[in-house]
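Survey of secondary and tertiary structure
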Amino acid sequence: MPTSSASTTDSARPTASGGVQSLERAFDLLERMADAGGEVGLSELSASSGLPLPTIHRLMRTLVACGYVRQQPNRRYALGPRLIRLGESASRLLGTWARPHLARLVEETGETANMALLDGDEIVYVAQVPSKHSMRMFTEVGRRVLPHSTGVGKALLASFPPEEVRALLARTGMPAATEKTITTPDGFLAALEEVRRQGYAIDDNEQEIGVRCLAVSVPDSPTAAAISISGPAGRVTEAATATIVPVLRQVAAELSETLLASGQGGPAA
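Scope of this entry: the structure provided in the associated data block. (Residues numbered from 1 in each chain as written. Predicted model: local features only at pLDDT ≥ 70, side-chain atom pairs only at ≥ 80, totals over all residues. Heavy atoms only, no water.)

1. Digging into the overall build of the chain
Helix and strand counts for the chain stand at eight helices and nine strands. Relative to its full complement of 269 residues, the chain shows a buried share of 41%. Of the roughly 14,100 Å² of accessible surface on the chain, a fraction of 55% belongs to carbon and sulfur atoms. (Helix = DSSP H or I, 4+ residues; strand = E, 2+ residues; numbered from the N terminus. Buried < 20%, exposed > 50% of the residue type's maximum accessible area, 1.4 Å probe, protein only. Areas by Shrake-Rupley, 256 points an atom, 1.4 Å probe, with all protein chains shown as cover.)

2. Section: the packing of helix α1 (residues 21–35) against helix α2 (residues 42–49)
Where α1 meets α2, the axes come as close as 11 Å, and the angle between the chain directions of the two elements is 110°. Relative to α2, the element α1 is oriented roughly perpendicular. Between α1 and α2, the residues in contact are Asp-28, Leu-29, Arg-32 and Met-33 and Leu-45, Ser-48 and Ser-49, respectively. Across the contact of α1 with α2, the residue classes tally to three nonpolar, two polar and two charged. (Axes fitted to C-alpha atoms, helices over the stretch in contact; angles between N-to-C directions. Parallel < 35°, antiparallel > 145°, perpendicular 65-115°, else oblique. Contact = heavy atoms within 4.5 Å. Nonpolar A, V, L, I, M, F, W, Y, C, P; charged D, E, K, R; others polar.)

3. Notes on the sheet that holds strand β3 (residues 77–79)
Pairing in this open sheet of three strands is antiparallel, and the strands run β1-β3-β2 from one edge to the other. With one partner strand each, in any of the chains shown, β1 (39–40) and β2 (69–71) form the two edges of the open sheet. Sheet topology places β1 next to β3; two bridges connect them, and they run antiparallel. Bridge assignment links Glu-39 to a residue of β3, and that residue is Ala-78. Each of β2 and β3 is contacted by helix α3 (residues 53–66), which is oriented at about 105° to β2, the strand it contacts most. (Pairing = 2+ DSSP bridges.)

Function cannot be inferred from these measures alone, as they are strictly geometric.
Below you can see the structure in the form of structure tokens.
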């Protein structure tokens with residue numbers, strides 16, 4: 001009989017991808033918690049993941065001990081504060097990998113280029129390269145905004161089911177940043193349908209009067225991401241849109257390749 005130390009347990013068994021099953025399961029649970037708003041019960045995790053309760057309980061106990069999850073007084077589990085440092089570091093790396101692509105956008109369009117992520121219910125800007133024009137747009141890296149008034153928010157939410165979009169809007173509300181901001185769920189869902197139809201999103205004076213933004217999602221990104229250009233409405237015109245959008249799409253595809261390559265051992269050359 002082999003000893004227990006020589007045997008391969010279910011949790012340590014290699015997976016088809018060559019990874020460790022328990023690690024893959026733990027990260028899957030963390031992502032499911034994030035998708036659920038950051039706090040869940042064990043039964044919810046079991047129902048969504050298909051894993052048995054004893055397995056989930058064992059994994060969660062380990063995550064709690066490491067500080068990546070904490071147990072609430074109501075016995076539910078919440079994402080832990082130790083994840084914040086990982087997220088901040090990852091955001092900085094995303095910005096580093098994105099910056100050369102954003103610089104190309106600036107060179108080819110003349111306007112400020114941005115990269116943003118959907119973090120919970122908010123949009124967070126993680127990278128920017130400013131326009132060389134004296135009159136240019138500026139968004140501070142790390143700034144958080146609600147998705148309904150931004151081009152990047154529309155680009156990111158266009159792939160979401162309508163019921164998930166409505167739930168998000170119910171949580172955040174739809175305050176008007178300008179008189180052109182979309183402030184009804186039906187209006188926003190109609191705008192998302194237009195994004196899907198035309199393949200890009202527009203913020204037309206909706207976040208700030210006098211500013212237009214064009215945005216596309218980054219295809220197959222490891223985390224939901226979008227890139228955009230923003231500039232004065234007098235420069236980012238309907239005529240300019242026809243020239244800018246193909247460049248946006250091309251750069252988004254190249255950025256996607258860089259991000260996917262980074263997950264295989266480093267950014268693409």
